[in-house]
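Observations on the three-dimensional arrangement
Listed below, chain by chain, are the residues.
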Amino acid sequence: MAERTSTGLLTMMLEPTPAVAMTLPAEVREKLAELELELSEGRRKETKEPTSCAYRQAFYTMEQEVPGNWDITQKGYEKKRGKLLAPYIPQIQGVDPSLQIDNRIQASSQAVLPGSKHNKSRAANTRDERFRSDLHTEAVQAALAKYKERKMPMPSKRRSVLVQSSVEACTPPDTSSASEDEGSLRRQGRLATSTPYQGHGHPAVEHWFNRVIQGSSTSSSASSTSSHPGGRSVTTTNTTVHAALNANAAATALADLMAHTQLDNHSAPPDVTGLSERSLIHAERPQVASVRGVSRGCNHHTSVMETADGVPVNSRVSSKIQQLLNTLKRPKRPPLREFFVDDFEELLDVQQPDPNQPKPEGQQMSPLEGELLGVANKWPPSLPAALQRWGTTHPKSPCLTGLDNAGKPVYTLTYGKLWTRSQKLAYTLLNKLSTRNEPLLMPGDRVALVFPNNDPVMFMVAFYGCLLAELVPVPIEVPLTRKDAGSQQIGFLLGSCGVTLALTTDACQKGLPKAQTGEVATFKGWPRLLWFVTDGKHVVKPPKEWHPPVREASNDIAYIEYKTSKEGSTMGITVSHSAMLAHCHALTQACGYTEAETITNVLDFKREAGLWHGVLTSVMNRMHVISIPYSLMKVNPLSWIQKVHTYKARVAVVKSRDMHWSLLAQRDQRDISLSSLRMLIVADGANPWSISSCDAFLNVFQARGLRPEVICPCASSSEAMTVAIRRPPEMGVPPPGKAVLSMGGLSHSVIRVDTEEKLSVLTVQDVGQVMPGAVVCVVRVEGTPYLCQTDEVGEICVSSGSTGVAYYGLPGMTKNIFETIPVTSSGIPISDRHFTRTSLLGFVGPDSLVFIVGKMEGLMVVSGRRHNADDVVATALAVEPMKFVYRGRIAVFSVSVLHDERIVVVAEQRPDASEEDSFQWMSRVLQAIDSIHQVGVYCLALVPANTLPKAPLGGIHISETKQRFLEGALHPCNVLMCPHTCVTNLPKPRQKQPEVGPASMIVGNLVAGKRIAQACGRDVGQLEDNDQFLYIQDVLQWRAQATPDHPLFLVLNAKGTVASTASCLQLHKRAERVAAALMGRLNTGDHVALVYPPGIDLIATFYGCLYAGCVPVTVRPPHPQNLATTLPTVKMIVEVSKSVCILTTQAIMKLLKSKEAAAAVDIKSWPMVLDTDDLPRKKSPQMYKPPTPEMLAYLDFSVSTTGILAGVKMSHAATSALCRSIKLQCELYPSRQIAICLDPYCGLGFALWCLCSVYSGHQSILVPPLELESNASLWLAAVSQYKVRVTFCSYSVMEMCTKGLGSQTEALRLRNVNLSCVRTCMVVAEERPRIALTQSFSKIFKDLGLSPRAVSTTFGCRVNVAICLQGTAGPDPTTVYVDMRALRHDRVRLVERGSPHSLPLMESGKILPGVKVIIANTETKGPLGDSHLGEVWVSSPHNATGYYTVYGEEALHADHFNTKLSFGDTQTVWARTGYLGFLRRTELTDASGERHDALYVVGSLDETLELRGMRYHPIDIETSVIRSHKSIAECAVFTWTNLLVVVVELEGSEQEALDLVALVTNVVLEEHYLIVGVVVVVDPGVIPINSRGEKQRMHLRDGFLADQLDPIYVAYNM
């Protein structure tokens, strides 16, 4: 239920239980009221502070907590109160509280029934059944009680982020107070802190929900949510204060007060210790090739990985995720037809309406006519005429009194003065301003009025001056900074209105931001303006003969009022002279204004009711306006009441928040009397929660002479002006009405007086009768404006002569809004008059009273049901408002995600709120909204106090807040996302269909009507002279004899100079020395680990091992700065490969046995370690000759991206075949030079470093990738210097060049770097080609002559390290676009570039000579057709012969190397690559004249995520996430227990961390139809990558689960 309560527990103060009110006699109630007053005044005194500034801060910004000791103590108060109530309590003690609610609701609902005279005499204080906080708090309490058991995982936050949010506590007091809709400001317990009766609440469980602070029934029963197990203990920012919390309740209250007054306690020093250490290690992204489940030998590491699925037992993270899973297991919303069926197009089903939803049953409404507009003779023909009349006949009569910030009258403008000053200004504007001898302004031109809220006098003069000069005033807010929220939109409005001149005051002009020239700065989006100061010295007296033209009111534009739409755009509403006059007539008649009345106006006089009553209608009737500036209200919220008393004002125009503020501030104001008021016009009476402010206000001020019947709510909108207003009692109108409506009904636009749903009700008051001379009807909100039925909520439309005319310059929108023609259900227009849509949602109740239940701006349509933002705000505020929400500042709006609106709640949290408290509050708000509105909140964000964008006069700028949320610029300090509960329209999970049986599919060379997807490289062809060698070591010996001085290798260092070289003979000699050293010590066939940095040593020892008959295993050396993660991997490879000896350098040998190494591994268990730095020059006795080429040549170990360490066996035959294939593809001969910037430890990188040059005789220029970290241009400079035609690199190298050299191409050109020599630059990869990276690389270096056709990729994997290589001949690589949604279903659907959901795939290079590829079905192992997605199988002489070991998963991979098709060609033996891809025959021809078959690799099968029955490739989700916010540097995703975990690296301030949570969740939902379970924000460089630049997602997962990532923030989505 969402009864709008303003003063929190005002009710509780009077009744022990809700039903008591009915039974207490009047005098007891009076005494209770006095007692309350005494209590509240006592508190007031207590909080007094000596300085006015502190005083201001304490009271009127409503930010302090209730202090602990008062004049009348809580105890004394309760004692007296108990005495008063004692005789009445027993009567109701036994009544079940729920029945008491029943009674009250039934009693109240009678108020709505036609004919009920229940509310006839307002004078008799029947307002006392106050539908207010008691109901709301009870509802929220009951709602929360249902959820008491539920626990949610609390987000983890890094300490420094906590510190950052506590520093916010030092923000200066808010300059523009609380929200516009500060009706919202429920300060529970400001006037009432009575303890709830034991019969109706449980004692609080936690000290901070203490009864003394909050007597709210909510606090007692609902706050018993215990803290979360496994949650990181959050260090409270203000320890001293919070330590005292347990002491006792009074101390608690005091502590809270201290927390507010002594801000200096707050700023705990930022924790820099952790950061500095990490920053050293993580300066470079760690190139980790370490392995999951580190080696068995290393005990203290294995303890982390105990449980079956590799989840650390003691992990805090996993217990949170477990909690999250438990939360998610609960039943969701009712099972509507909530999925859209994925028929491949994945069209969303339209939400099927619930068959049980309420439908309107009444007749069609008939338009409601107001009384006739009386025509009085004395009324002047136009407003300027009225001014002329009063200015000449009653010049001394007061017109307007302006006040200063102390409430003292500064100046009273008389009608005579207003008339003469307006004439002067009109004359000056028309005659004294000129450009190039042309008058600057012509009648009808628009002029901006920029006047501060505290200068109504100057504004009024300027406004009437413009009217007299026949210029059109456009009043706007004063732009204070160049980036005011919404100021740009105001600029667009001024531009579209053609405004060139702005009028302002001298003081205001001085305060505007200035450009360097001293002129007023041009604001963003604003046209160039001339600023004219209207103060006396700048205007001239007109000559005697000049008189302003005072004409009858015409249809010309009189003024333009600005209005901001829901989306934040600003429109100008034009009001004609005749409409302005008619509106003044109608208001005069409706409000019974008489000549010379006094009226106090608290509203903004520039627009809406403040302008209509305080500037226009007042002049019409020669009234005296007392204008209360907003700045005075902030200092003294009682000021308007004091002025009503002082000036004996008959009418006051206020908003509900002004009434609310004065309640919180009434102190020793015994002498105030409001008996002079005949009308208290509540301008936002249409706001559903204004009723609580009205009731509470009456309650307190009835004793001060306020009569209940003078409260007159009204409804208005900028477009239609005043729509309805409650008439003053003397007009003989029917009594006011109230309606208690079912929220459920309202969400379906149906009015149901609530009967069974006790919680979800909305109580609304009427806004009186329709304006005189107007016709009102209610029409459907969407589509054709059909009239509503009598029990249906719709948009109120008005037809009268007193509405706005148009949106300036927007004819299309004008037609929709100002020229609506309502039609009956049969489609017949109800009249030929145009109606104006008011954007108010409501209905016409009994006695022709108008009721408003919401506004179009706040309407959120979620899954076909309507919710009102204001209602949701009220519910959120009823959950412990005084504790958390800073000054009641909450914004609620909806964002569109995945084809539906999603509700977002953003609140400012108090500076002293602890992490735990905020989280408790958030989870309870979610539950309350869920119960009361039956709708899920998608995102709840808390921001530090004072950080939401403000509207001009306080209030939150909603559209700007929404904009910041969507751009990720809100910087919240706490976020809770609940996509699991809200998103019910995901596509149905896919059910896998059984495949068609084999026999029906294959005919000849066709599968299911398509050509079988197979392709092969060209034949290997004739053997050349060195191809007769079966063994690579024989080739080296042959070259050492035939061409001893031919240079083979040249290694460059970081400076670009040659570090070492080797000719054929030198390499052979070095290899011999190594062989000699090994032969005495080792046996033939022993495995030897080579642990060397990239260089010639590695190559020489490799051949030395072959010479000695040993099997070399190349291992990347450990990183000296990062032994803890890199050394265990070395150890593991040495152990798994069963190496009996380690060959290495002296430096690394020392490192392996160092003290630091001992901390990471057991250094005693290393095998024999030999250093090869100073081997003796001796020749080995004789070379070892392997008996057969099938013998093992070397082992190739690599860590796959899934974290599995796999070593493959390469035979001598495969080694030679590999070299021959590469030689043919790249046309490598001894005269060639190629540049290699790759790691030499595994895969194709190893083959190119160690094997190919020896085999083909070409010279290799070796650039160790590590050197690029200190000199990013090293590789490209080498390519240019040596005029290399063929070069190889890895993705990480390409990324380093793109990021590091992107801005330096000019400098490189000056250093003569020229890349036009490059014919092919190949990226060595074992993944889908990274098109974005290769394209940006090509684009950046195009300036250095790099041909766009040069860059291509290779593809290899564990079973075959080189399947595709672009090579030098053959067609360029092709790119196709496939539908990403189809890929999830293992289908390939080619689409056009740029079509939605399209994904570009680039061919992975040409298939190598001698290699055959086929695409097979992963399930049935049958062949697939062209362009079908399946696993890539490969057959070639250089396939590896098998796994040496796969650590941990031996059995799984037995069939990887020798598999046969289940049908078709069942003879050939294939190796399964483990990659998904497809073959597609292109239109191009290859070298042999055949049509070219392109192989497209989509991704590794091991990496794919199976979610919702579909197959996702992590890279696709990561690409979307990286695109979602500029600060996301890198991203990796993995799943854990079916939850999708997204890890993002934040490149920016930690403040932005929480902005990412919502954006990441949104983008993954929108583009992939997946709900993110956990979002982890980490520092740059945390996501581990291997040497090929591939993300190690499984390492990351293990690190996350073992809680080793030190995340900035972890958000668990509900």
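Residues numbered from 1 in each chain as written. Predicted model: local features only at pLDDT ≥ 70, side-chain atom pairs only at ≥ 80, totals over all residues. Heavy atoms only, no water.

1. Description of the overall build of the chain
In terms of regular secondary structure, the chain is built from 48 helices and 65 strands. Per-residue burial over the chain gives 63% buried out of 1614 residues. Of the accessible surface of the chain, which amounts to about 58,200 Å², a share of 53% is contributed by carbon and sulfur atoms. (Helix = DSSP H or I, 4+ residues; strand = E, 2+ residues; numbered from the N terminus. Buried < 20%, exposed > 50% of the residue type's maximum accessible area, 1.4 Å probe, protein only. Areas by Shrake-Rupley, 256 points an atom, 1.4 Å probe, with all protein chains shown as cover.)

2. Quick look at the nonpolar core
One finds Leu-429, Tyr-464, Leu-503, Tyr-559 and Leu-616 to be the most contacted residues of the largest nonpolar core, which totals 98 residues. In terms of residue count, helix α17 (residues 456-468) provides more of this core than any other element does, eleven residues in total. If near-sequence neighbours (up to four positions away) are discounted, Leu-503 is found in contact with Leu-425, Leu-429, Val-447, Ala-448, Leu-449, Val-450, Phe-451, Ala-462, Cys-466, Phe-532 and Thr-534. Grouped together as the second largest cluster of nonpolar side chains are 91 residues, Ile-1032, Leu-1170, Ile-1234 and Val-1413 included. (Core = buried A, V, L, I, M, F, W, Y, C linked by side-chain atoms within 4.5 Å. Contact = heavy atoms within 4.5 Å.)

3. Digging into the sheet that holds strand β12 (residues 570-576)
Strand order in the open sheet formed by three strands is β11-β12-β24, and the pairing between neighbours is antiparallel. Of all the strands in the sheet, just β11 (557-564) and β24 (806-807) have a single pairing partner and so form its edges. Where β11 and β12 come together, seven bridges link them in antiparallel fashion. Bridge pairing in β12 places Ile-557 opposite Ser-576. (Pairing = 2+ DSSP bridges.)

4. Notes on helix α16 (residues 415-431)
With 17 residues, α16 should cover 24 Å at 1.5 Å per step; its first-to-last C-alpha distance of 24 Å lies within 8% of that length. Turning to α16, its buried residues are Tyr-415, Gly-416, Leu-418, Trp-419, Ser-422, Gln-423, Leu-425, Ala-426, Tyr-427, Thr-428, Leu-429 and Leu-430. (Expected span 1.5 Å × (residues − 1).)

5. Side note on the confidence of the model for the chain
Taken as a whole, the chain shows an average pLDDT of 80; of its residues, 76% reach a score of 70 or greater. The low-confidence segment residues 163-314, where pLDDT is below 50, has 374 contacts with residues more than four positions distant or belonging to other chains. (pLDDT = per-residue confidence, 0-100.)

6. Description of the environment of Pro-1348
Summarising the element assignment, Pro-1348 is placed in the loop between α44 (1331-1342) and β49 (1351-1353). Pro-1348 gets classed as exposed once you look at its relative accessible area, which sits at 59%. For the pair Pro-1348 and Arg-1319, spaced 29 residues apart in sequence, the C-alpha to C-alpha distance is 9.9 Å.

7. Considering the packing of aromatic side chains
All chains considered together, the criterion is met by 22 aromatic pairs. Arranged with centres 5.3 Å apart and planes meeting at 90°, the rings of Phe-1102 and Tyr-1103 form a pair that is edge-to-face. No difference in accessibility class separates Phe-1102 from Tyr-1103, as the two residues are buried. Centroid distance Phe-1355 to Tyr-1475: 5.0 Å. Interplanar angle 80°. Geometry classified as edge-to-face. With Phe-1355 in the loop between β49 and β50 (1364-1365) and Tyr-1475 in strand β58 (residues 1471-1485), this pair connects stretches of sequence that are 120 residues apart. Here the aromatic residues Phe-451, Phe-459, Phe-463, Tyr-464, Tyr-559 and Phe-605 are joined through ring pairs into a cluster of three or more. Sitting over the face of the ring of Trp-390, Arg-622 holds its NZ or CZ atom 5.6 Å from the ring centroid. Over the face of the ring belonging to Trp-1166 we find Lys-1131, whose NZ or CZ atom lies 5.2 Å from the ring centre. (Phe/Tyr/Trp six-rings, centres within 6.5 Å; stacked < 30°, edge-to-face > 60°. Lys NZ or Arg CZ within 6 Å of the ring centre and 35° of its normal.)

8. Structural notes on the packing of helix α35 (residues 1096-1108) against helix α40 (residues 1243-1256)
It is the contact of α35 with α40, at a shortest axis distance of 11 Å, that shows an interaxial angle of 65°. Looking at the two axes, α35 sits roughly perpendicular to α40. Of the two elements, α35 crosses α40, and the hand of that crossing is right-handed. Contacts between α35 and α40 involve Ile-1099, Phe-1102 and Tyr-1103 from the first element and Phe-1246, Trp-1249, Cys-1250, Leu-1251 and Val-1254 from the second. When its residues are assigned to classes, the contact of α35 with α40 shows eight nonpolar, no polar and no charged. (Axes fitted to C-alpha atoms, helices over the stretch in contact; angles between N-to-C directions. Parallel < 35°, antiparallel > 145°, perpendicular 65-115°, else oblique. Left-handed = near helix turned anticlockwise from the far one by under 90°. Nonpolar A, V, L, I, M, F, W, Y, C, P; charged D, E, K, R; others polar.)

9. Comments concerning the sheet that holds strand β51 (residues 1375-1379)
Taken in spatial order, the three strands of this open sheet run β52-β51-β53, and their pairing is antiparallel. Among the strands making up the open sheet, the edge pair consists of β52 (1390-1391) and β53 (1398-1402). Examined bridge by bridge, β51 and β52 share two bridges and lie antiparallel to one another. Pairing of Tyr-1377 across the sheet is with Val-1391, part of β52.

10. Some remarks on α44
Counted at 1.5 Å a residue, the expected span for α44 with its twelve residues is 16 Å, and the 16 Å between its end C-alpha atoms agrees. Residues Ile-1331, Leu-1333, Thr-1334, Phe-1337, Ser-1338, Ile-1340 and Phe-1341 constitute the buried set of α44.

11. Notes on the environment of Ala-142
In this fold, Ala-142 is placed in helix α7 (residues 133-146). Taking the C-alpha atoms as reference points, Ala-142 and Ile-932, 790 residues apart in sequence, are found 9.7 Å from one another.

12. Digging into the pattern of salt bridges
When their charged atoms lie close together, side chains carrying opposite charge are able to pair. Using the criterion set out here, one finds 47 salt bridges in the structure. A salt bridge links Arg-752 to Asp-791; the shortest N-O distance between them is 3.2 Å. Of this pair, Arg-752 sits in the loop between α26 (743-747) and β20 (761-765) while Asp-791 sits in the loop between β22 (775-779) and β23 (794-799), placing them 39 residues apart in sequence. The partly exposed category is assigned to Arg-752, whose relative accessible area is 23%. A salt bridge links Asp-1239 to Arg-1116, with the nearest nitrogen and oxygen atoms 3.3 Å apart. Taken together, the positions of Asp-1239 in the loop between β45 (1233-1237) and α40 and Arg-1116 in the loop between β40 (1111-1115) and α36 (1123-1136) put the pair 123 residues apart, joining distant regions of the chain. By relative accessible area, Arg-1116 is classed as partly exposed at 24%. Each member of the salt-bridge network shares a partner with another, and the members are Glu-1503, Glu-1518, Glu-1530, Lys-1591 and Arg-1593. (Salt bridge = Lys/Arg side-chain N within 4 Å of Asp/Glu carboxyl O.)

13. Focus on the side chain of Thr-534
Mapped onto the elements, Thr-534 comes out in the loop between β10 (530-533) and β11. Discounting residues that sit within four places of it in the chain, Thr-534 has contacts with Leu-425, Phe-451, Met-458, Leu-503, Thr-504 and Val-539.

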